[in-house]
Amino acid sequence: MEKGPDVIMQDLTPKVYLQTYGCQMNKLDSEVMLGLLAKEGYRCVGRPEEADVILYNTCSVREHAEDKVWSELGFLRALKKEHPEKILGITGCMAQNVKELVFKRAPHVDLVVGTGEEHRIAELIEGIRQGERQTLAVEIDHGRAPDPAVFQTTQRGSQVKAWVEIMAGCDQMCAYCVVPFTRGRERSRPARDILDEVKGLADRGFKEVTLLGQNVNAYGQDLGGEEDFAELLHQLNQRSAISRIRFLTSHPNNATSRLAQVMAEAERVCEHLHLPVQTGSDRILKLMNRGYTVDDYRSLVDEFRSAVPGISITTDLIVGFPTETEEEFAMTLDLVRELEFDSAFLFKYSPRKGTAAYWMRDDVEEEIKKRRHQEILALVQEISLRKHRAQEGSEVEILVERHARKGPQTWVGRARDFRKVVFRGEGSYLGRFVNVRITEGRVDHLLGTPQ
Ligand code: SAH
Ligand code: SF4
Ligand code: F3S
């Protein structure tokens, strides 16, 4: 047989590397963008060196989050110099926040895409491929909810659980927070679109959804007030077949008794409420423009705890807000001790340009912020450990989400109240509901054995 010429196989599929920073909303945005790019034939790769398109989906919430991206961009300067054909793009909150300044500080960036134009990612990249230079796309259509079409191709990072955006933007204007500027005004998606998406996910075998919004309790307020969040949860519980429904984040201002009632009654809705309090001082709450007092918050926690048996309540806390005194910090410690949060995210105040608090002097020294952060962390951990140890010997139903990093026979699941449970088991547990006996409580998870 005659021998043909050697064929050199060339992989012509365009490749994208995408690195994500920030919150769940940003992670979902990344999954949406990857889906839109996959539709155009893109394949995902694990390193910038292998990619034709390098994207950073960024966060602006604290200065540190932006600093990480600036330094990544610094590293990429050499790669871009060697391979000018590679397309480098910044998307997400920092892109929205910093806009054309990205090109000034990092002239090797080709594309800056804000949170309102990420659905155009494929077309914008194509423009650069066709020879356009330094494209800036940072419009936010404040009046319009996200188009359901963009969610149809979302490339989910898990087979078991999925995020569902129920609203974009935030109208709260907390004095320290940049999110209203990076995400625009509140725009709720119609309940029917959300229901369709959740039904579709259940049909495809997903077991759990987490409904996402910066303040889910404000859901529907921009739709003329006919649909509210509690009603949305009720409808999803009645009309979808998804096993578990979670949601993030709730602002104390709009957490209603009806929400507590739905959480208690709706069997698909999990008993976990993430309810950021931020500080235990009324004076600081006022400066933060949070719109409630410590007493209001306390009553809310009492109400949810008595209405929803087994509920876990987690929170966010900021230390070192401008003018925070040692006494005021002690009030935050006292509140944590009193309310015994199941877990808390702790942040050191970081001034953000454009916010109301930016005009106050950032007068709590870094060393003091650090010390307050550590003190509160120690307390939060002590409470978690105590609560976890109290669960030893009990049995709990978990949904298995993934392998543990430790190895193929170690699994990670979550109880309805969001506690993480790690166990060993042979065979495939992924996506299964398993009853586990708790053998040991640790600070941030429980160990158990399947029953
Ligand atoms: N919409 C959500 C998420 C906001 S960002 C919410 O209100 O909970 C998550 C947390 O980051 C906030 O709750 C707050 O604790 C923290 N945060 C926001 N801006 C900050 C800043 N400038 N400095 C320090 N922490 C901040
Ligand atoms: Fe920021 Fe407040 Fe909106 Fe949360 S509720 S995103 S902290 S402005
Ligand atoms: Fe999220 Fe960071 Fe933006 S916390 S909303 S990605 S500023």
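Details of the structure are given in the entry above.
Conventions we followed
Residues numbered from 1 in each chain as written. Chains lettered and ligands numbered in written order. Predicted model: local features only at pLDDT ≥ 70, side-chain atom pairs only at ≥ 80, totals over all residues. Heavy atoms only, no water. Salt bridge = Lys/Arg side-chain N within 4 Å of Asp/Glu carboxyl O. Helix = DSSP H or I, 4+ residues; strand = E, 2+ residues; numbered from the N terminus. Buried < 20%, exposed > 50% of the residue type's maximum accessible area, 1.4 Å probe, protein only. Core = buried A, V, L, I, M, F, W, Y, C linked by side-chain atoms within 4.5 Å. Contact = heavy atoms within 4.5 Å. Pairing = 2+ DSSP bridges. Axes fitted to C-alpha atoms, helices over the stretch in contact; angles between N-to-C directions. Phe/Tyr/Trp six-rings, centres within 6.5 Å; stacked < 30°, edge-to-face > 60°. Lys NZ or Arg CZ within 6 Å of the ring centre and 35° of its normal. Near = heavy atom within 4 Å. Nonpolar A, V, L, I, M, F, W, Y, C, P; charged D, E, K, R; others polar.

Applying the stated criterion to the full structure yields 34 salt bridges. K80 serves as the salt-bridge partner of D110, at 2.7 Å between the closest nitrogen and oxygen. Taken together, the positions of D110 in the loop between α4 (101–105) and β5 (111–113) and K80 in helix α2 (residues 63–82) put the pair 30 residues apart, joining distant regions of the chain. Judged on exposure class, the residue D110 and its partner K80 are both buried.

Side chains of nonpolar character tend, in soluble globular proteins, to be buried together. Formed by 57 residues in total, the largest nonpolar core has its most connected members in I166, L211, F229, F247 and F304. If near-sequence neighbours (up to four positions away) are discounted, L211 is found in contact with V164, I166, V216, F229, L233, L236, I245, R246, F247 and L248. Of all hydrophobic cores here, the second largest spans 25 residues; its members include L36, Y42, L111 and I128.

A word on the sheet that holds strand β1 (residues 15–20). Pairing is parallel in the open sheet, where 6 strands are placed in the order β2-β1-β3-β4-β5-β6. Lying at the two open borders of the sheet, with one neighbouring strand each, are β2 (43–44) and β6 (135–137). Across the sheet, helix α1 (residues 24–39) is in contact with β1, β2, β3 (53–58) and β4 (87–92); its angle to β1 comes to roughly 175 degrees. Most of the contacts of α2 go to β4, to which it runs at about 165 degrees, and overall it touches β3 and β4.

The full count for this structure, using the stated rule, is 10 aromatic pairs. Their ring planes at 65 degrees and their centres at 5.9 Å tell us that W411 and Y429 sit as a pair that is edge-to-face. Taken together, the residues span a long stretch of sequence, with W411 in strand β16 (residues 407–415) and Y429 in the loop between β17 (420–424) and β18 (433–441) at a distance of 18 residues. Side by side, W411 and Y429 carry an identical accessibility label, which is buried. An aromatic cluster is present here, built from Y17, Y21 and Y56 joined pairwise through their rings. Positioned above the aromatic ring of W70, the side-chain terminus of R105 is 4.0 Å from the ring centre.

With that out of the way, let us pick up the site of ligand 2. Taken together, the neighbourhood of ligand 2 is formed by C170, Q172, M173, C174, Y176, C177, V179, P180, Q214, H251 and R290. Broken down by class, the residue content of the shell around ligand 2 amounts to 7 nonpolar, 3 polar and 1 charged.

Limitation: the analysis is restricted to geometry and does not speak to function.
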